[in-house]
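Results of the structural survey
Each chain is listed here by its residues.
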Amino acid sequence: MASALTKEKISSLRDQFKQNKEASILTRTVTKNGIHAASYDNTAATRLNRTFSIELDTGKVTNQKHSGRCWEFSMLNTLRHTFAKKYHVKDFQLSQNYLFFWDKIERANIFYQNIERTAQKPINDREVEFFLDTPGQDGGQWAMAAGLIEKYGLMPASAMPESYNTNKTDEFAEVMDKKLRKDALAIRKLVANGATKEKIEASENEMLAEVYRIAAYSFGEPPKKFDLEYRDDNKKYHREVKLTAKEFYKKYFNKNFDNYVVVTNSPDKPLNKLYSLPCENNIIKGRTIEFLNVDMKLLADLSIQQLKDGETVWFGNDVLQQLDRQAGFLDSNLYRTEELFSINTKMTKAERLLTGEGQVSHAMTLTGVDLIDKQPTKWKVENSWGDKIGKDGYFVMSQDWFENFVYEVVVHKKYLSKELQEILKQPAEELPVWDPLH
């Protein structure tokens, strides 16, 4: 058991530190340059060269700026790549603002449902605390974006461009957090006082009207119809007038998201099982967030098959681990802090998830892979942080980083074995709100 820090114990710590002959040199180096600079592996650029045996042509990157909309950007990237290939428009942009607007309305609506459902639980209950923690947050999952598109369609960026508040969402999130928490208290009070379902629903409708007003003021109200205008890569002009968002989606994309599955590698729980995360669903009676948990080699193989067929891959990861943001490098041995401090911080992927060290913090898009002797060595990654970082916004990810810090990919079900496809037909095991995949 740990005991109080006595004078003798502190003296022992000092003596142990002085026994290191390099202590003074390393102290000067680290204090002057920082831990990352002092531990940086300069050979990373060699092993992360930007040559790939499989590389899709995907054009200019997007920029989510100061927002947490990566899940949405990555989804729209995969769709615009398909549009670019089919209609020969390399850098066509879809409206991120449009989907974000409806996500805020839908997410507030399901928040009210969750608060009403848990109203009789203590306010410090783990599930209630989860809903009250960050009700106005930006983060999300692939299935959330798919559900929004199925319900509301898509529109080009020109029809509903970005606004100040989509490029920088913290002010909007601050207002929404305060409002939704106050609304939660009101709903809990109504339930506690035995209010009728009609009265509770009427109150929630008034609250939702206020949410709509906040979103419309902040992002602009989505147009009911718009004109589609673009010039293709052959300079040919195209125009179609008075399209609705759903008409545009069905005519130009019409992707059946039911044909896709989120394949995850979460070794803290049994593999070859289907899991769901209902606490993060964003649409009432909408698409459910589900994961098929498999081993990491299969997850990589499925991604490679889809890339070989010319389709980019949405993937969830822990981007802040071993990242050189400016160079666009993702490598597990990028910062050799263990060597610098003579410590051992290694954990398995399961241990990182169980302790909170590992998390799904970001979504990006796989656009290429380098295969040597049929084995992946590095991956080309399209990020949504603009073109001023990496190489024109593209990152390089080593295979060891992929294995350590990639948690999920979205692939077509046709690549799955018959056994795994059968698992998809079984009821999913619900994960609690505290599961690290949330």
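By convention here, each chain's residues receive numbers from 1 onward along its written sequence. Two thresholds apply to this predicted model, a pLDDT of at least 70 for residue-level local features and 80 or more for giving and counting side-chain atom pairs, whereas whole-chain, interface and lining totals are computed over all residues. Side-chain descriptors were evaluated using all non-hydrogen atoms of the structure, hydrogens and water having been removed beforehand.

How we decide: UniProt positions are given in the numbering used here, feature names are shortened, and annotations may be inferred rather than shown by experiment.
In the annotation of an unreviewed UniProt entry, the protein chain is listed under the name Aminopeptidase and assigned to Oenococcus oeni. Per UniProt, the comment on the protein chain under Sequence similarities (unreviewed entry) is "Belongs to the peptidase C1 family." Of the protein chain, the UniProt comment under Subcellular location (unreviewed entry) reads exactly: "Cytoplasm".

Describing the packing of aromatic side chains
To keep things clear, this is the line we draw: Ring geometry is summarised as follows: Phe, Tyr and Trp rings, the Trp one being its six-membered ring, pair when their centres sit within 6.5 Å, and such pairs are stacked at plane angles under 30 degrees, edge-to-face over 60 and tilted between the two. Each residue is placed in one exposure class: buried if its accessible area under a 1.4 Å probe, protein chains only, is under 20% of its type's maximum, exposed if it is over 50%, and partly exposed if it falls in between. Remark: a charge is flagged as sitting over a ring if the NZ atom of Lys or the CZ atom of Arg is within 6 Å of the ring centre and within 35 degrees of the ring normal.
One pass over the full model with this rule turns up 25 aromatic pairs. With 5.4 Å between their ring centres and 80 degrees between their planes, Phe-248 and Phe-253 make a pair best called edge-to-face. Judged by relative accessible area, which is 0%, Phe-248 ranks as buried. An aromatic cluster is present here, built from Phe-83, Tyr-87, Phe-92, Trp-142, Phe-226, Tyr-230, Phe-248, Tyr-249, Tyr-252, Phe-253 and Phe-257 joined pairwise through their rings. For the cation-ring pair, Arg-325 lies above Trp-385, with the distance from its terminal atom to the ring centre recorded as 4.1 Å. A cation sits over an aromatic face here: Lys-378 above Phe-52, 5.7 Å from the ring centre.

A word on the nonpolar core
Quick note on the threshold: Among the buried residues, those of types Ala, Val, Leu, Ile, Met, Phe, Trp, Tyr and Cys that are joined through side-chain atoms within 4.5 Å form a nonpolar core. Comment: elements are numbered from the N terminus, with helices defined as DSSP H or I runs of at least four residues and strands as E runs of at least two. Residue contacts are defined here by distance: any two heavy atoms, one from each residue, within 4.5 Å place the two residues in contact.
Met-75, Trp-142, Ile-149, Leu-154, Phe-248 and Phe-253 are the most contacted members of the largest nonpolar core, which has 74 residues in total. The dominant element in this core, judged by the number of residues it contributes, is helix α6 (residues 96–117), at 10 residues. With sequence-adjacent residues up to four places away left out, Phe-253 is seen in contact with Leu-79, Phe-83, Leu-94, Leu-154 and Phe-248. Judged by nonpolar contacts, the second largest core, of 39 residues, contains Leu-56, Val-261, Ile-304 and Met-397.

Some words on the UniProt feature "active site" (unreviewed entry) in the protein chain
UniProt annotation of "active site" (unreviewed entry) refers to Cys-70, His-362 and Asn-383 when read in the numbering used here. Spanning 314 residues, the annotated positions come together in the fold, the maximum distance between their C-alpha atoms being 9.7 Å. With respect to the helices, strands and loops of the structure, Cys-70 is situated in helix α5 (residues 70–87). The contact partners of Cys-70, leaving out residues within four places of it in the chain, are Gln-64, His-362, Ala-363 and Ser-384.

A short note on unusual backbone geometry
One non-glycine residue, Lys-65, lies in the positive phi region at around 55 degrees. Of note, Lys-65 is situated in the loop between β1 (54–55) and α5. Looking at Lys-65, the relative accessible area reads 47%, which means it is partly exposed. Of note in this structure, Asn-254 is not a glycine but carries a positive phi near 50 degrees. Tracing the chain through its elements places Asn-254 in the loop between α12 (245–252) and β4 (260–264).

Examining the packing of α5 against α6
Test applied: Here the axes come from fitting lines to C-alpha atoms, over the contacting stretch only for helices, and the angles between their N-to-C directions go from 0 to 180 degrees. Any angle from 65 to 115 degrees is called roughly perpendicular, while one under 35 is roughly parallel, one over 145 is roughly antiparallel, and all others are oblique. By definition, turning the near helix anticlockwise from the far helix through less than a right angle yields a left-handed crossing, and turning it clockwise yields a right-handed one. Classes in brief: Ala, Val, Leu, Ile, Met, Phe, Trp, Tyr, Cys and Pro nonpolar; Asp, Glu, Lys and Arg charged; the others, Gly included, polar.
It is at 10 Å that the axes of α5 and α6 come closest, and there the two elements cross at 135 degrees. Overall, the two elements α5 and α6 adopt an arrangement that is oblique. Relative to α6, α5 is oriented so that their crossing is right-handed. Two secondary-structure elements touch here, α5 through Trp-71, Glu-72, Phe-73 and Leu-76 and α6 through Gln-96, Asn-97, Leu-99, Phe-100, Asp-103 and Arg-107. Class assignment for the residues of the contact of α5 with α6 results in five nonpolar, two polar and three charged.

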